[in-house]
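Take a look at the letters that make up each chain.
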Amino acid sequence: MMDGVLLVEVFVTLFVIMDPVGTVPIFLTLTSGRSAATSKRYAWQAVAVSFLVITAFAFFGQQILNYLHISLPALQCAGGLLLLLVALELLTGNESEPKAQQDANVALVPLGTPLLAGPGAIVATMLFVEEIDGPDDLSAVALGIVGVHLTLWAAMRYSLPILKVIREGGVLLVTRIAGLLLSAIAVQLVADAVRAFIAGEG
């Protein structure tokens, strides 16, 4: 039979790391000014990208890192720096961005990765995969990953009505809050990576 404890452990761990609730304000910020249809498309595209990245690292993560001679702390630090760049744009309200940048598909970067499929989620998934001992464990880990991504999609998909209520002023407020939260996440990722390097784990 499927290991229910492992299923719950995978789901809860990834839920906390990927944070569907905390993703909502960032999603609203990055999709503001776009049509409802586009925002809905970005929601499932971001989840699809995240799922593909997580799945790829679940199967081939250690081999990829070993082949490229990349340590987990290095991956974590890179993800943190990328998120920090996005956070600074949200905080400073850069209105002079070229139109091509504004029309870019944010579902791929930064939503799909590194926000959803970030270093934390990737590392956690790789650790769970190492615990797999048979098809029952594999099913539990797979269902946990799928369940979290369905929750992420629902959180972003049904956040759109919020946008109609808070209007432009609310979006500006949410943008600043999202930038602050995202910068804190980015700094924490970099700090954890630096500690790992100091401890000789890099």
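Structure's up top.
Here is a short report on the structure shown in this document. (Residues numbered from 1 in each chain as written. Predicted model: local features only at pLDDT ≥ 70, side-chain atom pairs only at ≥ 80, totals over all residues. Heavy atoms only, no water.)

Moving on: a nonpolar patch on the surface. A contiguous nonpolar surface patch, about 600 Å² in accessible area, is contributed by L82, L85, L88, L91, L108, V109 and L180. Mapped by element, the contributors of at least two residues to the nonpolar patch are α4 (72–92) and α6 (107–116). (Patch = residues over 30% accessible without salt bridge, like charges linked within 9 Å, V, L, I, M, F, W, Y side chains within 5 Å. Areas by Shrake-Rupley, 256 points an atom, 1.4 Å probe, with all protein chains shown as cover. Salt bridge = Lys/Arg side-chain N within 4 Å of Asp/Glu carboxyl O. Helix = DSSP H or I, 4+ residues; strand = E, 2+ residues; numbered from the N terminus.)

Let us now look at the packing of α4 against α6. Following both chains from N to C, one finds α4 and α6 inclined at 140 degrees, their axes separated by 10 Å at the closest point. It follows from the interaxial angle that α4 and α6 lie oblique. The way α4 lies across α6 gives a crossing that is left-handed. Touching G79, L82, L83 and V86 of α4 are V109, P110, P114 and L115, all from α6. Class assignment for the residues of the contact of α4 with α6 results in seven nonpolar, one polar and no charged. (Axes fitted to C-alpha atoms, helices over the stretch in contact; angles between N-to-C directions. Parallel < 35°, antiparallel > 145°, perpendicular 65-115°, else oblique. Left-handed = near helix turned anticlockwise from the far one by under 90°. Contact = heavy atoms within 4.5 Å. Nonpolar A, V, L, I, M, F, W, Y, C, P; charged D, E, K, R; others polar.)

Taken as a whole and judged by the stated rule, the model has three aromatic pairs. An angle of 45 degrees between the planes, with centres 6.1 Å apart, marks the rings of F59 and F60 as tilted. Accessibility expressed as a relative area gives 54% for F59, which makes it exposed. Above the ring of Y158, the side-chain terminus of R157 is found at 5.0 Å from the ring centroid. (Phe/Tyr/Trp six-rings, centres within 6.5 Å; stacked < 30°, edge-to-face > 60°. Buried < 20%, exposed > 50% of the residue type's maximum accessible area, 1.4 Å probe, protein only. Lys NZ or Arg CZ within 6 Å of the ring centre and 35° of its normal.)

One finds V10, L14, M18, F27, L111, M156 and L182 to be the most contacted residues of the largest nonpolar core, which totals 42 residues. Mapped onto this core, the elements with two or more residues apiece are α1 (4–18), α2 (20–30), α3 (36–68), α4, α6, α7 (119–130), α8 (135–157) and α9 (160–198). With nine residues, α3 is the single largest residue contributor to this core. Apart from the residues within four sequence positions on either side, L14 is in contact with D19, A121, A124, T125, I145 and V148. (Core = buried A, V, L, I, M, F, W, Y, C linked by side-chain atoms within 4.5 Å.)

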